[in-house]
Amino acid sequence: MFDVNWLAVVLGAAAGFFVGGLWYGPIMGKRWMGAVGLTEEQIKEGNMGLIYGLTFVFSLIASWVLAHTYASYGYDMSFGAKVMLAWGVAAGFIVPALGTNYLFSQKGKALFFIDAGYWMLFYIAMGSVHAWLG
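In this text the structure is predicted, and so the values were computed from the model without any measurement.

Novice: What's the story with the overall build of the protein in this structure? I'm lost.
Specialist: Along its length, the protein carries six helices and zero strands. Starting at the N terminus, the α and β elements of the protein follow one another as α-α-α-α-α-α. Overall, the C-alpha framework of the protein stretches about 45 × 30 × 25 Å when taken along its three principal axes. Across the 134 residues that make up the protein, the buried fraction comes to 34%. Put simply, the protein shows about 8200 Å² of open surface, and 70% of that area lies on carbon and sulfur atoms. Looking at the protein, you have 6 positive and 6 negative side-chain charges, and the mean spots of the two groups are 10 Å apart.

Below you can see the structure in the form of structure tokens.
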């Protein structure tokens, strides 16, 4: 369970975290703020150390689970197959879970597509790092 490439775990988490900074910053930041109904001032009032710190911890957990999956089932997988598996985790588990939550909480389509797009890119980036460091 713990026999994984720990460098890949940390760098994979960092890659996903970096994608989040770009996605929710210059790429979709303003659209995301509008979709969730927050202003820049409200965001700045948040405890950013706690938010970013826990976000990175969650990224580490996701990266470790992906590493464990590769270690358990992906011995002979190609680079592309590993990236596709990571994408499949997002497409098959994360995005449907988001969709279900957003339907019941009556969140808008825009927020769903912004967040779903992020998770797809997050797992592609993380999976690429794991595949590269294999």
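Novice: Just checking my understanding: could you explain the environment of Leu-85 for this structure?
Specialist: One can find Leu-85 in helix H5 (residues 79-104). Placed 39 residues apart in sequence, Leu-85 and Ile-124 show a C-alpha to C-alpha distance of 8.9 Å. Excluding anything up to four places from it in sequence, Leu-85 contacts Thr-69, Tyr-70 and Met-77.

Novice: How should I be thinking about the nonpolar core in this particular structure?
Specialist: Side chains of nonpolar character tend, in soluble globular proteins, to be buried together. In terms of nonpolar packing, the biggest core is built from 23 residues, with Phe-112, Phe-122, Tyr-123 and Met-126 touching the most fellow members. Residue assignment for this core shows that the elements contributing at least two residues are helix H1 (6-27), helix H4 (48-73), H5 and helix H6 (109-133). Per-element accounting of this core gives the leading share, 11 residues, to H6. What Phe-112 contacts, discounting residues up to four positions off in sequence, is Val-95, Leu-98, Gly-99 and Tyr-102.

Novice: Can you walk me through unusual backbone geometry in this structure?
Specialist: For Gln-106, which is not glycine, the phi dihedral falls at a positive 55°. With respect to the secondary-structure elements, Gln-106 resides in the loop between H5 and H6.

Here is what the cut-offs are and how they apply
- Residues numbered from 1 in each chain as written.
- Predicted model: local features only at pLDDT ≥ 70, side-chain atom pairs only at ≥ 80, totals over all residues.
- Heavy atoms only, no water.
- Helix = DSSP H or I, 4+ residues; strand = E, 2+ residues; numbered from the N terminus.
- Buried < 20%, exposed > 50% of the residue type's maximum accessible area, 1.4 Å probe, protein only.
- Areas by Shrake-Rupley, 256 points an atom, 1.4 Å probe, with all protein chains shown as cover.
- Lys, Arg positive; Asp, Glu negative; His and termini not counted.
- Charge placed at Lys NZ, Arg CZ, Asp CG, Glu CD.
- Contact = heavy atoms within 4.5 Å.
- Core = buried A, V, L, I, M, F, W, Y, C linked by side-chain atoms within 4.5 Å.

Nothing here speaks to function; it is all geometry.
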